[in-house]
Amino acid sequence: MGNMMLLEADGQQFEAYLAEPSGEAKGGIIVVHEIWALNEHTKDIADRFAAEGWVALAPNLLSMTNIAEHADTLSLDLFNPEKRNEAQPKLRALMTPMQAPGFGEQTLAKLETCFNTLYDRPDTQQKVTIIGYCFGGTYSFKLAIAEPRLKLALPFYGHAPAELDELKHIACPVRAFYGQNDEG
């Protein structure tokens with residue numbers, strides 16, 4: 001349903017998947033992937049939002065890693081007790097770029113580009129929401145702190161900032177989803 005496009009933040013290009021509704025748009029929604037980077041599952045979520053009337057933009061915030069190429073194998077191995085010990089160091093190695101100084105700021109800049117891309121479209125009526133899963137849930141909180149025009153943040157898992165002063169900057173409703181019995 002959607003198409004890949006290139007966006008730019010801080011002089012760096014990154015890919016994003018854009019899915020548009022067939023009729024009038026209800027607004028825009030940024031769909032942020034899990035730790036596995038932008039994959040077919042996340043694109044499918046964006047397509048489903050578009051089918052419900054949203055202009056959905058799903059950026060690849062981990063394009064500088066090779067994690068997407070190894071995601072299917074690693075995700076299966078992490079849940080296989082016989083292969084888990086081999087898979088964990090591989091995953092940590094692929095996640096190394098996320099530990100680099102400035103990664104968080106660069107990632108937030110990419111989300112701000114996504115926000116402005118949707119906000120500036122006439123069909124979204126300046127109504128932009130963010131939804132994120134795990135890794136994306138954390139960055140849903142970060143955009144909510146940084147962007148006062150955001151209408152709603154929907155983190156599924158992810159970490160809220162530890163500093164109360166940061167949370168005070170959130171101007172939109174936050175509907176965070178966590179498993180009641182999930183200790184993680």
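Since the model is a prediction, treat every value here as computed from it, not as a measurement.

Caption draft 1: Seen up close, the sheet that holds strand 1 (residues 3-9). Judged by pairing direction, the sheet is mixed, and its 6 strands sit side by side in the order 1-2-4-3-5-6 without closing on themselves. Both edges of this open sheet fall to strand 1 and strand 6 (152-156), since each of them pairs with a single strand only. Along the sheet, successive strands turn relative to each other by an average axial angle of 25°, direction set aside. Sheet analysis places strand 1 next to strand 2 (residues 12-19), joined by 7 bridges and oriented antiparallel. The partner of methionine 5 across the bridge, within strand 2, is alanine 16. Strand contacts of helix 5 (residues 135-146): strand 3 (27-32), strand 5 (128-133) and strand 6, with the helix running at about 150° to strand 5, the strand carrying the most contacts.

Caption draft 2: Focus on helix 2 (residues 67-78). With 12 residues, helix 2 extends just 14 Å between its outermost C-alpha atoms, more than 12% less than the 16 Å of an ideal straight helix rising 1.5 Å per residue. In this fold, the buried residues of helix 2 make contact with helix 3 (84-94).

Caption draft 3: Examining the nonpolar core more closely. If you look at the biggest cluster of nonpolar residues, it comprises 42 residues, and the most contacted ones within it are Ile30 and Leu150. By residue number, the principal contributor to this core is helix 4 (residues 103-119), which donates 8 residues. Discounting residues that sit within four places of it in the chain, leucine 150 has contacts with Phe115, Val128, Thr129, Ile130, Leu143, Ala144 and Cys172. If you look at the next biggest cluster of nonpolar residues, it comprises 14 residues, including Ala19, Ile45, Ala46 and Ala58.

Caption draft 4: Main features of the packing of helix 2 against helix 3. Axis separation between helix 2 and helix 3 bottoms out at 9 Å; the angle between their running directions is 155°. Comparing their axes, helix 3 and helix 2 come out roughly antiparallel. In the crossing of helix 2 with helix 3, the sense of the turn from one axis to the other is left-handed. Residue-level inspection shows Ile67, His70, Leu74, Asp77 and Leu78 of helix 2 in contact with helix 3, the latter providing Arg84, Ala87, Gln88, Lys90, Leu91 and Leu94. Across the contact of helix 2 with helix 3, the residue classes break down as 6 nonpolar, 2 polar and 3 charged.

Caption draft 5: Local environment of the packing of aromatic side chains. Overall, the coordinates contain 5 aromatic pairs when judged by the stated rule. Both rings, one in phenylalanine 115 and one in tyrosine 119, keep their centres 5.3 Å apart while their planes meet at 25°; by these two values the pair is stacked. Residue phenylalanine 115 and its partner tyrosine 119 are both found in helix 4; the two are separated by 4 residues, about one turn of the helix. You'll find phenylalanine 115 and tyrosine 119 in the same group, each marked buried. Clustering of aromatic rings is evident, with ring pairs tying together Tyr133, Phe156 and Phe177. Above the plane of the ring of tyrosine 139 lies lysine 142, whose end atom (NZ or CZ) is 5.8 Å from the centre. Positioned above the aromatic ring of tyrosine 119, the side-chain terminus of arginine 149 is 4.3 Å from the ring centre.

Rules used throughout
- Residues numbered from 1 in each chain as written.
- Predicted model: local features only at pLDDT ≥ 70, side-chain atom pairs only at ≥ 80, totals over all residues.
- Heavy atoms only, no water.
- Pairing = 2+ DSSP bridges.
- Helix = DSSP H or I, 4+ residues; strand = E, 2+ residues; numbered from the N terminus.
- Axes fitted to C-alpha atoms, helices over the stretch in contact; angles between N-to-C directions.
- Contact = heavy atoms within 4.5 Å.
- Expected span 1.5 Å × (residues − 1).
- Core = buried A, V, L, I, M, F, W, Y, C linked by side-chain atoms within 4.5 Å.
- Buried < 20%, exposed > 50% of the residue type's maximum accessible area, 1.4 Å probe, protein only.
- Parallel < 35°, antiparallel > 145°, perpendicular 65-115°, else oblique.
- Left-handed = near helix turned anticlockwise from the far one by under 90°.
- Nonpolar A, V, L, I, M, F, W, Y, C, P; charged D, E, K, R; others polar.
- Phe/Tyr/Trp six-rings, centres within 6.5 Å; stacked < 30°, edge-to-face > 60°.
- Lys NZ or Arg CZ within 6 Å of the ring centre and 35° of its normal.

Bear in mind that shape data such as this cannot, by itself, settle questions of function.
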